[in-house]
Amino acid sequence: MPELPEVETIANGVHRRIAGDTILSAWFSSFKQPFKTPPDEMAAALASRRIAQVRRVGKHIVMDLDASDRESHPQLLIHLGMTGRLLVADPNVPVAPHTHAVLSLASGRELRFIDPRRFGRIGLVSNFAGPGHEPLTISKPDFAALFRGRKLAIKAALLNQKLLHGVGNIYADESLFRAGIRPTRRAGRLTRVELDRLHAALRSVLKAAIRAGGSSVSDYVDADGERGFFQIEHKVYLRTGEPCLVCGKPIRRILLAGRGTHYCSYCQK
């Protein structure tokens, strides 16, 4: 599933290409799963709307639409799920299989939502704020307060979208390694020094991944169909059995909170 850096990369790419454009019409597939709002209702609400901004909130992409004379549903909300892609394409480019939405724009381009497994979702909302705190802007004190008294493992806490929205398996593993904290440690028992270290590591990893266009470890591509490059910077994720890049000990993999978890038993305490 695309995480914060991948969703940020896609949202920024789409924004650069279609912000200020106007939606002429919208087509949706006959599958029910991707749609949180009935397709007919979305098509009517989107027609003639100007796209003010495309941005990320947590793991969601939010398209802010000018209200004009209609005040309802000013946002189109997109969640990419496991395999979703959002591409800006020329109408002459063949429509890929598993395309579930096509927005035809006044500029002559199209915005296409493609999702083979149909775990992604599209719907109309207003004032969407996301379920948790934003990892890139949360302060050190507020970050530390999220984990105070919590008995669950710190890896599980980082994945809890009600605490921090946008952090997923890749960047939880990578930030915990850089902070030197074992993923099984109880969140509420981490010291303030350790939490400050994790706060800095998480922000650093997320920002570096955004600069690299995200991690392409599956079928993730950006708004132009290009792969990201941060996977070459991974220190532990999917490196099971390989030598730690710091100490040389083999990277271990365990199952934690239902997710494969990668760490160095020597560097992470």
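The structure we're discussing is the one just above.
These numbers were taken from a predicted model, which means no experiment stands behind them.

**Topic: the nonpolar core**
Next, step 1: Grouped together as the largest cluster of nonpolar side chains are 31 residues, with contacts concentrated most on Phe 143, Phe 147, Ile 154, Leu 158, Leu 164 and Leu 198.
Next, step 2: When residues of this core are traced back to their parent elements, those giving at least two are helix H3 (140–146), helix H4 (154–159), helix H5 (169–179) and helix H6 (192–211).
Next, step 3: The element best represented in this core is H6, accounting for seven residues.
Next, step 4: One finds Ile 10, Ala 11, Ala 26 and Leu 124 within the second-largest nonpolar core, a separate group that totals 29 residues.

**Things to note about the sheet that holds strand E1 (residues 23–28)**
Next, step 1: Pairing within the open sheet is antiparallel, and its four strands lie in the order E1-E6-E7-E5. Two strands close off the open sheet at either side, each with one partner strand: E1 and strand E5 (85–89). Ignoring strand direction, the axes of neighbouring strands in this sheet form an average angle of 15 degrees.
Next, step 2: Inspection of the sheet shows E1 paired to strand E6 (residues 99–105) by five bridges, in the antiparallel sense. Paired with Trp 27 across the bridge in E6 is Val 102.
Next, step 3: Lying on the sheet, helix H2 (residues 39–46) is in contact with E1 and E6; it crosses E1 at an angle near 170 degrees.

**Points about the pairing of strand E3 (residues 60–65)**
Residues in a regular strand project their side chains so that they alternate between the two faces of the sheet.
Next, step 1: Taking burial as the measure, the six residues of E3 include six buried ones, the bulk of the element.
Next, step 2: Strand direction decides the pairing type here: strand E2 (residues 51–57) and E3, joined by six bridges, are antiparallel. For Arg 56, the partnering residue across the bridge sits in E3 and is Ile 61.
Next, step 3: Remark: two residues form the turn of the hairpin made by E2 and E3, two consecutive strands paired antiparallel; Gly 58 in that turn has positive phi of roughly 65 degrees.
Next, step 4: By the bridge criterion, five bridges tie E3 to strand E4 (residues 75–79) in an arrangement that is antiparallel. Bridging from a neighbouring strand, His 60 pairs with His 79 of E4.

So, how was this worked out
Residues numbered from 1 in each chain as written. Predicted model: local features only at pLDDT ≥ 70, side-chain atom pairs only at ≥ 80, totals over all residues. Heavy atoms only, no water. Core = buried A, V, L, I, M, F, W, Y, C linked by side-chain atoms within 4.5 Å. Buried < 20%, exposed > 50% of the residue type's maximum accessible area, 1.4 Å probe, protein only. Helix = DSSP H or I, 4+ residues; strand = E, 2+ residues; numbered from the N terminus. Pairing = 2+ DSSP bridges. Axes fitted to C-alpha atoms, helices over the stretch in contact; angles between N-to-C directions. Contact = heavy atoms within 4.5 Å.

Everything listed here is a matter of geometry and, on its own, says nothing about what the molecule does.
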